[in-house]
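Residue-level structural notes
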Amino acid sequence: MIEEQKQAIRYYNKFSRYYDWLSPKLYYDKARTFAIKQLDLKPEETLLNLPCGTGQNFEYFQQYLKNTGTVIGIDLSDGMISQAKKKMAENNWTNVKILKGNATNITKDWIAENVSPSVEIDAVLCDLGLSGFPQWESVIDNMISILKPNGKIVIMDWYIPKFTFRGLFIKWIGKGEVDRPIYQYLETKTASFSVNNTFNRGGVFVASGIKK
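Please read these numbers as outputs of a predicted model, since none were measured by experiment.

1. Re the overall build of the chain
- In terms of helices and strands, the chain carries nine helices and seven strands.
- In terms of overall dimensions, the chain is globule-like: its C-alpha atoms have a radius of gyration of 16 Å, near the 17 Å expected for 212 residues.
- Each principal axis of the C-alpha distribution contributes one length, and for the chain these read about 45 × 35 × 35 Å.
- The burial tally for the chain puts 51% of its 212 residues in the buried class.
- A fraction of 72% describes how many contacts in the chain between residues 6 or more apart in sequence connect residues 24 or more apart.
- Here the chain displays about 10600 Å² of accessible surface, and carbon together with sulfur accounts for 52% of that area.
- Within the chain, one finds 27 positive and 22 negative side-chain charges whose respective centroids are separated by 4 Å.

Written as structure tokens, this is what we have:
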């Protein structure tokens with residue numbers, strides 16, 4: 001693990017205690033609601049959420065899954081995982097499985113070893129993580145590879161290609177990059193691609209695609 005990533009983990013372990021306060025549900029609600037609708041989830045399906053953070057997405061997933069199927073939440077920060085597990089316990093979500101894992105290592109083999117060799121991933125949501133992950137292109141490739149045929153991947157993240165003080169602040173608070181061509185890369189890797197980049201005053205996009 002590179003030193004930069006270790007520093008990010010230490011940061012998010014501390015930040016996890018304040019994350020839901022500094023990044024409240026309302027701030028990303030429109031983008032998150034739209035993103036999860038794009039997943040087209042149905043009861044009994046299996047969803048991978050990377051990174052799962054403090055579990056802010058879980059209640060949105062349950063609107064579709066109704067505590068059925070499986071939600072696999074993966075994060076590398078023990079602090080974030082702890083907060084996510086609290087939400088899981090408080091709401092008695094029995095279909096949520098939270099695992100610690102490095103995004104760059106999440107492959108078919110990792111899923112087989114840590115979840116089940118027979119599991120099929122119907123959908124993947126990567127939100128507010130690819131802007132901070134090293135080797136983010138490989139992470140997208142891996143996420144697509146673990147999807148079942150015609151499975152759907154949805155990405156929600158920041159994209160501010162020109163320098164602004166707002167972009168600088170987001171980069172500082174999130175410890176990531178805001179100018180990565182994430183959805184442009186996804187477009188080259190998936191079918192039925194679509195993107196909506198109107199959220200949070202045009203700074204946040206939601207992009208989706210189907211595994212070819």
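2. Thoughts on the environment of Glu-44
- Along the chain, Glu-44 falls in the loop between helix H3 (25-38) and strand S1 (46-49).
- You can call Glu-44 exposed: its relative accessible area is 58%.
- Counting along the chain gives 92 residues from Glu-44 to Trp-136, while the straight-line C-alpha distance between them is 29 Å.
- Discounting chain neighbours no more than four positions away, the residues touching Glu-44 are Leu-65, Thr-68 and Gly-69.

3. Quick look at the environment of Lys-189
- Turning to its location among the elements, Lys-189 is positioned in helix H9 (residues 182-189).
- As for Lys-189 and Lys-30, which are separated by 159 residues in sequence, their C-alpha atoms are 26 Å apart.
- Aside from chain neighbours lying at most four places away, what touches Lys-189 is Asp-141, Ile-144 and Lys-212.

4. Comments concerning the pairing of strand S3 (residues 96-100)
- Sheet topology places strand S2 (residues 70-75) next to S3; five bridges connect them, and they run parallel. Bridge assignment links Gly-73 to a residue of S3, and that residue is Ile-98.

5. Digging into the pattern of salt bridges
- With the rule as written, the count across this model stands at six salt bridges.
- Across the pair Lys-25 and Glu-59 runs a salt bridge, and its minimum N-O distance is 3.1 Å. With Lys-25 in helix H3 and Glu-59 in helix H4 (residues 58-65), the pair connects residues that are 34 residues apart, well separated along the chain.
- For Lys-25, a relative accessible area of 42% gives the class partly exposed.
- Two residues, Lys-189 and Asp-141, come together in a salt bridge whose shortest N-O distance is 3.9 Å. Separated by 48 residues along the polypeptide, Lys-189 in helix H9 and Asp-141 in helix H7 (residues 136-146) bring together distant segments of the chain.
- Assessed through its relative accessible area of 29%, Asp-141 is described here as partly exposed.

6. Points about the packing of aromatic side chains
- Under the counting rule described, the total for this entry stands at eight aromatic pairs.
- On the numbers, 5.7 Å between centres and 75° between planes, the contact of Trp-136 with Tyr-185 is edge-to-face. Taken together, the residues span a long stretch of sequence, with Trp-136 in helix H7 and Tyr-185 in helix H9 at a distance of 49 residues. Comparing Trp-136 with Tyr-185, the two get one shared label, buried.

7. What to know about a nonpolar patch on the surface
- Together, Phe-163, Phe-165 and Leu-168 make up an exposed nonpolar region whose accessible area comes to about 410 Å².
- Note that Leu-168 resides in helix H8 (residues 165-174).

8. A closer look at the nonpolar core
- Among the nonpolar cores identified, the biggest contains 30 residues, and Leu-48, Val-124, Leu-130, Ile-140, Met-143 and Ile-155 are the most heavily contacted of them.
- Listing elements by their share of this core, those giving two or more residues are S2, helix H6 (108-114), strand S4 (121-127), H7, strand S5 (147-158), H9 and strand S7 (204-211).
- If one sorts the elements of this core by residue count, H7 sits on top with six residues.
- One finds Leu-41, Leu-65, Ile-98 and Val-178 within the second-largest nonpolar core, a separate group that totals 29 residues.

9. Observations concerning the sheet that holds strand S6 (residues 190-199)
- Taken in spatial order, the seven strands of this open sheet run S3-S2-S1-S4-S5-S7-S6, and their pairing is mixed. Bordering the open sheet on either side are S3 and S6, each of which pairs with just one other strand. Averaged over neighbouring strand pairs, the angle between their axes works out to 15° when direction is ignored.
- Of the strands in this sheet, S1, S4, S5, S6 and S7 touch H7, which is tilted by about 145° from S5.

What counts, and where the lines are drawn
Throughout this document, residue positions are counted from 1 along each chain, in the order its sequence is written. Owing to the predicted nature of the model, reporting of local features is limited to residues with pLDDT of at least 70; listing and counting of side-chain atom pairs is limited to 80 or more, with chain, interface and lining totals taken over all residues. As a convention, hydrogens and water are excluded, and side-chain values are obtained from all of the structure's heavy atoms. Secondary structure elements follow DSSP: runs of H or I of four or more residues count as helices, runs of E of two or more count as strands, with numbering from the N terminus. The size measure is the radius of gyration over C-alpha atoms, and the globule rule it meets is 2.2 Å times the number of residues to the 0.38 power. Each residue's exposure class comes from its accessible area (1.4 Å probe, protein chains only) as a fraction of the maximum for that residue type: buried when under 20%, exposed when over 50%, partly exposed otherwise. Residue contacts are defined here by distance: any two heavy atoms, one from each residue, within 4.5 Å place the two residues in contact. Per-residue and other accessible areas follow the Shrake-Rupley method at a 1.4 Å probe size, with only the shown protein chains counted as cover for residues. In summary, the charge assignment counts Lys and Arg as positive and Asp and Glu as negative, without counting His or the chain termini. We put the charge of a Lys on NZ, of an Arg on CZ, of an Asp on CG and of a Glu on CD. Strand pairing is defined by DSSP finding a minimum of two bridges between the two strands. We define a salt bridge as a side-chain nitrogen of Lys or Arg found within 4 Å of a carboxyl oxygen belonging to Asp or Glu. Pairing of aromatic rings covers Phe, Tyr and the six-membered ring of Trp, with a centre-to-centre limit of 6.5 Å; geometry is then stacked below 30 degrees between planes, edge-to-face above 60, and tilted otherwise. For patch detection, residues must exceed 30% relative accessible area and be free of salt bridges, and they are connected within 9 Å for like charges or within 5 Å for nonpolar side chains (Val, Leu, Ile, Met, Phe, Trp, Tyr). Residues enter a nonpolar core if they are buried and are Ala, Val, Leu, Ile, Met, Phe, Trp, Tyr or Cys, with the set joined through side-chain atoms within 4.5 Å. Fitted lines through C-alpha atoms serve as axes, helices being fitted only where they are in contact, and the angles separating the N-to-C directions of these axes extend from 0 to 180 degrees.

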